[in-house]
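Descriptive analysis of the structure
Residues per chain are reported as follows:
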Amino acid sequence: MPDHHTLDIKRVAILFAGGPAPAANAVISTAAFSFLEEGSQVFGIKHGYSRLADYTAAGPLQEGVDYLRFTHESLTHARSSRGIMIGTARTNPGKHVSSPEHLKDRELVAPLRRVYEGLCSLEIDALISIGGDDTLKTANKLKMFQDNLPGDARRFPVIHLPKTIDNDYSGIDFTFGFFTAVETLAEEIRNLNYDAAAGKAYFLCEAMGRSAGWLAYGAAIAGEGSLVMSVEDIAGDLAAEEVDPETGKPRKIMVLDKVIDKMVDMMVAREREGREYGTIVVAEGLAEFLPAKYLEGVSRDDHGHINISAINLGALLSGLLAKAYTARTGKTRKVNGLQLGYEARCAPPHAYDVMLGSQLGVGAYRALVEEKLNGVMVSVSGQLDLHYVPFNKLVDPQTLVTKVRFIEPGSDFHRLARFLETCTDS
């Protein structure tokens, strides 16, 4: 059962963290509008947790610099606008907290305490967190931090709204911005198909999607890609294990030769059909499955993620593919590696994403005011019906880690891509 609060919500903070997503302003503005209509004050915290994490050392929060006050005027025409009206950042104040016991360690919990104190300085009655799974983890940790405070300490409920163009969120079927991002990338792939046909070449496009392949699969299906591969496909004879030189533990890797052979199979099959060109779409998350020799010297972010952009997976795989194609056929074929993604994150939002984002924003109001909930993620299904999923259903209570929602291998969505791809003999 979700937790409840008894507060009269009069002052609300809205915070957006992580990468941008189309329809972000639909979420922010409808949440703010819902509270303004009830006479509440609404603060937009600027650039995620970046300023709050340094609250004490950096002094008091400054209006206009660290936060803004929403007005009806500032929300005019915001719902369908692009960008993020309060900015974003990847600062992670909960990065040192990886178990409930860590919440009792003053040093490990210090950044969370500064966030809490910064928000208390605005005398807020509630926090609306918008972001990806890492931001959900932070929201859960901030709630747990408050749960451990003395009985007479100030507390405010925390509500989270799921955001990622990767669409790999547990607890919701589709996240806002996903379909806009898919269409943006699909249009690029369509353009590349014509370019490839003109020059009898191939494009190997690396799409965003660190943990799951929703964006790569959606873009390939809608953009008429010739082949799509993601982390869900690294199984069977395409998968192996090696010992991680840094941790000494076994890690799953892809059998690169066989992955490349699968791509060559597709190229040869298309030639039999008289098509000496095409586009291949891969999810960036495949970089996590590269053998260790390809990851030497690659940095990691605050969340421990490999800096995928530094690897340039598209360029790496395209070079290997061109060589493998020549070795198999004795012919040459130009293969161009491209990284796609940033251009999709602030594209003009499609109507569906605006509607979905708007319902999530309104859902934050309804969760806090109508349902008096605390520690829940707002979700939708069916005809944008609202649901409220407790944090403890989404976050492992011991590791405080969220669960990724993968494409299910063999599911109808997964099989849709297989039906539409070029058939091979393998």
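What comes next concerns the included structure. It should be emphasised that the depicted structure is a prediction, and the values quoted were computed from it without experimental measurement. All residue numbers refer to position in the chain's written sequence, counted from 1. For a predicted model such as this one, the threshold for reporting local features is a pLDDT of at least 70, and the threshold for listing and counting side-chain atom pairs is 80 or more; totals across whole chains, interfaces and linings nevertheless cover every residue. To get the side-chain values, take all heavy atoms of the structure and skip hydrogens and water.

**Details of the nonpolar core**
Core analysis: the largest hydrophobic core is formed by 101 residues, its most contacted members being I14, L119, L127, I128 and F176. Helix numbering and strand numbering both begin at the N terminus, where a helix is a DSSP run of H or I of at least 4 residues and a strand a DSSP run of E of at least 2. Ranked by residues supplied to this core, first place goes to helix α1 (residues 24–36) with eight residues. In this text, buried Ala, Val, Leu, Ile, Met, Phe, Trp, Tyr and Cys residues form a nonpolar core when linked through side-chain atoms within 4.5 Å. Burial classification: accessible surface area is computed with a 1.4 Å probe over protein chains only, and a residue below 20% of its type maximum counts as buried, one above 50% as exposed, and the rest as partly exposed. Core analysis: the next-biggest nonpolar cluster, separate from the first, contains 31 residues, M229, V231, M263 and L313 among them.

**Observations regarding a nonpolar patch on the surface**
A cluster of nonpolar side chains, namely F174, F179, Y352 and M355, defines an oily patch on the protein surface of about 350 Å² accessible area. Counting through the fold element by element, F174 comes out in the loop between β6 (158–162) and α5 (178–199). Note on patches: the residues involved have over 30% relative accessible area and no salt bridge, like charges join within 9 Å, and the nonpolar side chains Val, Leu, Ile, Met, Phe, Trp and Tyr join within 5 Å. Per-residue accessibility takes into account occlusion by the displayed protein chains alone, with areas from the Shrake-Rupley method and a 1.4 Å probe. In the sections that follow, a salt bridge refers to a side-chain nitrogen of Lys or Arg positioned within 4 Å of a carboxyl oxygen of Asp or Glu.

**Some remarks on α5**
Between its first and last C-alpha, α5 extends 31 Å over 22 residues, near the 32 Å set by a 1.5 Å rise per residue. Note on contacts: a residue pair qualifies if any of its non-hydrogen atoms lie within 4.5 Å across the two residues. Elements that come into contact with the buried residues of α5 comprise β7 (202–207), α6 (214–223), β11 (278–283), β12 (335–339), α9 (342–345) and α10 (351–370). Just beyond α5, the residue with positive phi is K200, at close to 50 degrees. The span one expects for a helix is its residue count, reduced by one, times 1.5 Å.

**Things to note about the sheet that holds strand β3 (residues 41–45)**
Neighbouring strands of a sheet are bound in pairs by backbone hydrogen bonds; such pairs are parallel or else antiparallel. A pair of strands is considered paired only if DSSP assigns at least 2 bridges between the two. Pairing in this open sheet of seven strands is mixed, and the strands run β4-β3-β2-β5-β6-β14-β15 from one edge to the other. The open sheet has two edge strands with one neighbour each: β4 (67–69) and β15 (385–390). Strand-to-strand, the axes of this sheet are offset by a mean angle of 25 degrees, without reference to chain direction. Angular values range over 0 to 180 degrees, each being the angle between N-to-C directions of two axes fitted as lines to C-alpha atoms, with helices fitted over their stretch in contact.

**A word on the side chain of R11**
By the element assignment, R11 lies in strand β2 (residues 11–16). Here R11 occupies a buried position and makes no salt bridge, while the nearest side chain of opposite charge, E123, is found at 4.4 Å. Apart from residues lying up to four places away in sequence, R11 is in contact with Q41, F43, L122, E123, I124, D125 and A126. Charged residues are defined here as Lys and Arg on the positive side and Asp and Glu on the negative side; His and the ends of the chain fall outside this count.

**Section: the sheet that holds β12**
Strand order in the open sheet made by the four strands is β8-β11-β7-β12, with parallel pairing throughout. Because the sheet does not close on itself, it has two edges, and the strands there are β8 (227–229) and β12. Mean inter-strand twist for the sheet, computed between neighbouring axes without regard to direction, equals 15 degrees. Here three bridges tie β8 to β11, and the two strands are oriented parallel to one another.

**So, α10**
Residue pairs spaced three or four apart in an α-helix point in one direction, given the helix's 3.6 residues per turn. Compared with the 28 Å implied by 1.5 Å per residue over 20 residues, the 27 Å span of α10 between its first and last C-alpha is a close match. Of the residues one or two after α10, K372 is the one with positive phi, at around 55 degrees.

**Brief notes about the pattern of salt bridges**
Per the stated rule, a full pass over the model turns up 20 salt bridges. A salt bridge links D233 to R418, with the nearest nitrogen and oxygen atoms 3.6 Å apart. Of the two residues, D233 is situated in the loop between β8 and β9 (239–243) and R418 in helix α12 (residues 412–420); the sequence distance between them amounts to 185 residues. On the accessibility criterion, D233 (14% relative accessible area) is buried. Exposure remark for R418: the relative accessible area of 30% places this residue in the partly exposed category. Shared partners join several salt bridges into a network, and the residues in it are K200, E271, E276, K331 and R333.

**Section: the side chain of R333**
Mapped onto the secondary structure, R333 falls in the loop between α8 (313–329) and β12. Its relative accessible area of 11% is what places R333 among the buried residues. Residues in contact with R333, not counting those within four places in the same chain, are K200, A201, Y202, M267, E271, E276, A322 and Y325.

**Digging into the pairing of strand β10 (residues 250–254)**
Of the strand pairs in this sheet, β9 and β10 are connected by five bridges, and their pairing is antiparallel. Bridged to V243 within β10 is P250. If you look at the hairpin formed by β9 and β10, you'll find six residues sitting between the two strands, and G248 has a positive phi there, around 75 degrees.

**Examining the pairing of β7**
Along β7, six of the six residues are buried, which leaves the element largely enclosed by surrounding structure. Bridging between β7 and β11 involves six bridges; their strand directions are parallel. Across the sheet, residue F203 finds its bridge partner in β11, namely T279. In this sheet, β12 lies alongside β7 in parallel orientation, the contact comprising five bridges. Its bridge partner lying in β12, C205 is registered against L338.

**Observations concerning the packing of aromatic side chains**
Stacked, edge-to-face and tilted are the three classes for Phe, Tyr and Trp ring pairs, Trp counted by its six-membered ring, which pair at centre distances within 6.5 Å; planes under 30 degrees apart are stacked, over 60 edge-to-face, the rest tilted. Going through the model one piece at a time under the given rule, you end up with ten aromatic pairs. Measuring from centroid to centroid gives 5.1 Å for F35 and Y365, while their planes differ by 75 degrees, and the two rings are edge-to-face. Placement of F35 in helix α1 and of Y365 in helix α10 is noted, with a sequence separation of 330 residues between them. When sorted by exposure, F35 lands in the same class as Y365, which is buried.

**Re unusual backbone geometry**
The phi dihedral of A23 falls on the positive side, at around 80 degrees, and the residue is not glycine. Structurally, A23 is set in the loop between β2 and α1. The residue L400 is not glycine, and still its phi comes out positive at about 60 degrees. Its place among the elements puts L400 in the loop between α11 (391–394) and α12. L400 gets classed as buried once you look at its relative accessible area, which sits at 2%.

**Comments concerning the packing of α6 against α12**
Where α6 contacts α12, the two axes come as close as 10 Å, and the packing angle between them is 40 degrees. As far as their axial angle goes, α12 and α6 are oblique. Once α6 is placed against α12, the crossing between them reads as left-handed. The segment α6 lies against α12, with W214, Y217, G218 and I221 engaging F413, H414, L416, A417, R418 and L420. Here the term charged refers only to Asp, Glu, Lys and Arg, the term nonpolar to Ala, Val, Leu, Ile, Met, Phe, Trp, Tyr, Cys and Pro, and the term polar to all other amino acids, Gly among them. For the contact of α6 with α12, a count of residues per class yields seven nonpolar, two polar and one charged. With respect to orientation, any angle under 35 degrees is reported as roughly parallel, any angle over 145 as roughly antiparallel, any angle of 65 to 115 as roughly perpendicular, and every other angle as oblique. Left-handed describes a crossing whose near helix is turned anticlockwise from the far helix through less than a right angle; right-handed describes the clockwise counterpart.

So yeah, pure geometry; function would need other evidence.
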